[in-house]
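Survey of secondary and tertiary structure
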Amino acid sequence: MTAIPLIGGSVGLACALALSSPLPAAYQGSEGDLLPPDVKIDWFGPAKTKAAKEAPKAALRKAGSPELLKKLLGNRRATFLKVDRYFLPSHKAKDAAILDSEGGWLAFVGSRFQAWFPKVPNGAKAQAKARMLDLTNESAKAFLLPGLCDADSRFFRSSSDLRDSGLTLATPAAASIALWEKGWEDLPLTTGITTLFVPAGTAATSSGHGALVGLSLRPLMLQPKGGLSYRISSLGSRGTNLSRDQVVKALDKAFEAAEKYKEAKEKFDKDLKEYKKKRKEYLAYYKKNPMKKGAKAAPAKAASTSRKGGRRRVGLTPAELAAIRKLPREQQRKAMQDLMRKKAGTAQAKPAAKDPKAGSKTAKTSGKAPARPKFPKRVPENPQYESLLSVLDGKDFLRVEAHRAGEIRALLELKKKHALDKLVIVGATEAWKLPEAIAKSGALVLLRPDTLPSRGYDLLSEHLPAQAALLSKADVPVCFGSAGRREAGSLPLMAARAVAHGMSETQALEALTKTAWLASGGQGNAMVIFSGDPLSPDARVLCVLDPMGLRHAGGQK
């Protein structure tokens, strides 16, 4: 039996007894190994019924059945938690909610929610005692929510790699992730941050898919295909109002080239299908009508050798050349051109005679046998276009750094032109000028604590929190990124300051969890229980619950 390492007193001991279980071999590696791809983590699990999809709060509040309770009691990975409140996120901030547990128990298997039980019968309590953790005994205001996500971290990458200006859309961050790096270990149990998005680069105009690193698991969990990064401007970029709407021109051309690439691939697939059909007919014919010895199959149709305009190439006989040479020198050129035009016209009107010998061996099959099909020309694989197609097809998020209002407006027009479903505006310094346009487009906004220039931008007082509040009031999905390492722990403070400027508490928690996952192109990997409101300065992490079990913070702040 291999116990999951836990920290803490009596509650920690109870966790250890409950969650001690044999670890799958895939988890028993050294630090830095990857979590198996078949381990799926989901906040509160998928809604299995129409009612659950339409009313997630009601579905979550519905009490679990006695049959389900019995089943969970027989599952060694099941955990029953009692907290004061818990947060139910949703991509639409208006659907997010902070719910009161009403003294009930939340049942989890791993980190996936199973059911809410208003009470557990005394007979079942004896059976589940080791796995029932009443966290309200440790803090009367225990608060459960998904692990927080830093949507723009700099951990696990060297600064030189991030500043590489030669990166392309085909260069993934996962190729250079340094999972052995130190300094992040305390983030889950001190700040509640359990997921980091790491970009492929920060200096290149374009860079490939970022990666998400789950911090709560040992070994670390790596989701290698996060959002795709592109930069159309930086805080130091200069320009005029007339030129800023042109900043998306290169990205626009790249999308157009990717669409042509897709059309060429689709044409090849269609031609390949037709080739296979003709080849099948071709082989079937000769299987039914075997050729005699020395006979030849009907050849593939040869490409035309005629010149442009339909003219066939003609030559002059020696007698014709001799006759032209007898003319005066100034007339020879014109006479030669006239004679060649005349012969070319005759050759075009009269098809070339067939050589009787050439068709002698295929005489029996001509007119009946199908021509040998020709394999279509294959389209060379282009990794950069493939990355852009993943965005055009709505599979991946495109994260574009843009700051001025004119640049953002041009980016929204590009989104509309190419029907981009998943777009994240990174930085977005002047996004506060057009909140309605951003909300209508469906784009997400990722705000960072950048050092803003003293002039050149229209800024709000207390710019970052004020802008987050203003955008959220217009129903723009907002999330936060640290753009660093030391700054990661300040994400809850950023959200708390935004609440002070008018952002609702549910919107702030949404920005730290679900919206941050969306902007990163991944999903959350743990649940976190705080001693109180997560945005309160005196709140501390009590426990972190992930697919492998529960770790207790031992009262550490």
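A quick note: this is a predicted structure, and the numbers were derived from the prediction, not measured. (Residues numbered from 1 in each chain as written. Predicted model: local features only at pLDDT ≥ 70, side-chain atom pairs only at ≥ 80, totals over all residues. Heavy atoms only, no water.)

Further remarks concern the overall build of the chain. What the chain contains, in helices and strands, is 17 helices and 20 strands. In the chain, which comprises 557 residues, the proportion classed as buried is 45%. (Helix = DSSP H or I, 4+ residues; strand = E, 2+ residues; numbered from the N terminus. Buried < 20%, exposed > 50% of the residue type's maximum accessible area, 1.4 Å probe, protein only.)

By size, the foremost hydrophobic cluster in this structure holds 80 residues, and its most contacted members are Phe156, Phe255, Leu398, Ile408, Ile425, Ile438 and Phe480. Shared between two domains, this core takes at least three residues from each, and those domains are domain 1 (1–147 + 524–557) and domain 2 (149–262 + 381–523). By size, the runner-up hydrophobic cluster in this structure holds 19 residues, among which are Leu106, Phe108, Met527 and Leu550. (Core = buried A, V, L, I, M, F, W, Y, C linked by side-chain atoms within 4.5 Å. Domains from an automatic or database assignment.)

On to the side chain of threonine 429. Note on placement: threonine 429 falls in the loop between strand E15 (423–427) and helix H13 (435–441). In this structure threonine 429 comes out as buried when scored by relative accessible area, which is 3%. Threonine 429 has contacts with Leu235, Ala402, His403, Leu452, Tyr457, Leu459, His463 and Gln467, leaving out every residue within four places of it along the chain. (Contact = heavy atoms within 4.5 Å.)

Time to look at the packing of helix H14 (residues 463–473) against helix H15 (residues 491–500). Contact pair H14 / H15: the axes reach a minimum separation of 8 Å and the direction vectors enclose 65°. Two packed elements cross with a definite hand, and for H14 against H15 that hand is right-handed. Between H14 and H15, the contacting residues are Leu464, Pro465, Ala468 and Ala469 on the first element and Met494, Arg497 and Ala498 on the second. (Axes fitted to C-alpha atoms, helices over the stretch in contact; angles between N-to-C directions. Left-handed = near helix turned anticlockwise from the far one by under 90°.)

Before going further, it helps to examine the packing of aromatic side chains. In total, this model carries nine aromatic pairs according to the counting rule given. On the numbers, 5.1 Å between centres and 90° between planes, the contact of tyrosine 285 with tyrosine 286 is edge-to-face. Judged by its relative accessible area of 13%, tyrosine 286 is buried. Clustering of aromatic rings is evident, with ring pairs tying together Phe155, Phe156 and Trp184. Lying across the ring of tyrosine 457, arginine 404 places its NZ or CZ 4.3 Å from the centre. (Phe/Tyr/Trp six-rings, centres within 6.5 Å; stacked < 30°, edge-to-face > 60°. Lys NZ or Arg CZ within 6 Å of the ring centre and 35° of its normal.)

Looking down a regular strand, the side chains alternate between one sheet face and the other. For strand E14 (residues 398–402), a buried count of five out of five residues is recorded, marking the element as mostly surrounded by other parts of the structure. Because side chains alternate across E14, one face comprises the buried residues Leu398, Val400 and Ala402, and the other comprises Arg399 and Glu401, equally buried. Relative to E15, E14 runs parallel, the two being bridged by five bridges. Following the sheet pairing, glutamate 401 is matched in E15 by valine 426. (Pairing = 2+ DSSP bridges.)

Here the focus is the pattern of salt bridges. Tallied over the entire structure, the rule returns 18 salt bridges. Residue arginine 399 pairs with aspartate 152 through a salt bridge whose shortest N-O separation is 3.9 Å. With arginine 399 in strand E14 and aspartate 152 in the loop between strand E8 (148–150) and helix H6 (159–162), this residue pair connects regions lying 247 residues apart in the sequence. Both residues of the pair, arginine 399 and aspartate 152, count as buried. In this structure, the salt-bridge partner of aspartate 396 is lysine 225, at a minimum N-O distance of 3.6 Å. Of this pair, aspartate 396 sits in the loop between helix H11 (383–392) and E14 while lysine 225 sits in the loop between strand E12 (221–223) and strand E13 (228–231), and the two are 171 residues apart along the sequence. The network of salt bridges with common partners includes Asp152, Arg154, Arg399, Glu401, Arg448 and Asp450. (Salt bridge = Lys/Arg side-chain N within 4 Å of Asp/Glu carboxyl O.)

The next point concerns H14. Most of H14 is tucked away: nine of the 11 residues are buried. Taken as a whole, H14 has its buried residues at His463, Leu464, Pro465, Ala466, Gln467, Ala468, Ala469, Leu471 and Ser472. Where H14 is buried, its residues meet H13, strand E16 (444–447), strand E17 (478–480), H15 and helix H16 (505–512).

Below, the discussion takes up the packing of H15 against H16. Contact geometry for H15 and H16: axes closest at 9 Å, N-to-C directions at 155°. The pairing of H15 with H16 is recorded here as roughly antiparallel in orientation. The element H15 and its partner H16 pack so that their crossing is right-handed. Here Leu491, Pro492, Ala495 and Val499 of H15 lie close against H16, whose contacting residues are Glu505, Ala508 and Leu512. (Parallel < 35°, antiparallel > 145°, perpendicular 65-115°, else oblique.)

Let us now look at H11. In an α-helix, one full turn covers 3.6 residues, which means residues spaced three or four apart are oriented alike. Along H11, the positions that sit buried rather than exposed are Ser387, Leu388, Leu389, Ser390, Val391 and Leu392. For H11, the capping residue at the N-terminal end is asparagine 382, with a side-chain oxygen 3.1 Å from the backbone nitrogen of glutamine 384. (Polar contact = N/O pair within 3.5 Å; in protein donor to acceptor, adjacent residues only side chain to side chain.)

Bringing unusual backbone geometry into the picture now. If you check the backbone angles, glutamate 102 has positive phi at about 55° while not being a glycine. Considering the arrangement of structural elements, one finds glutamate 102 in the loop between strand E3 (97–100) and strand E4 (105–109).

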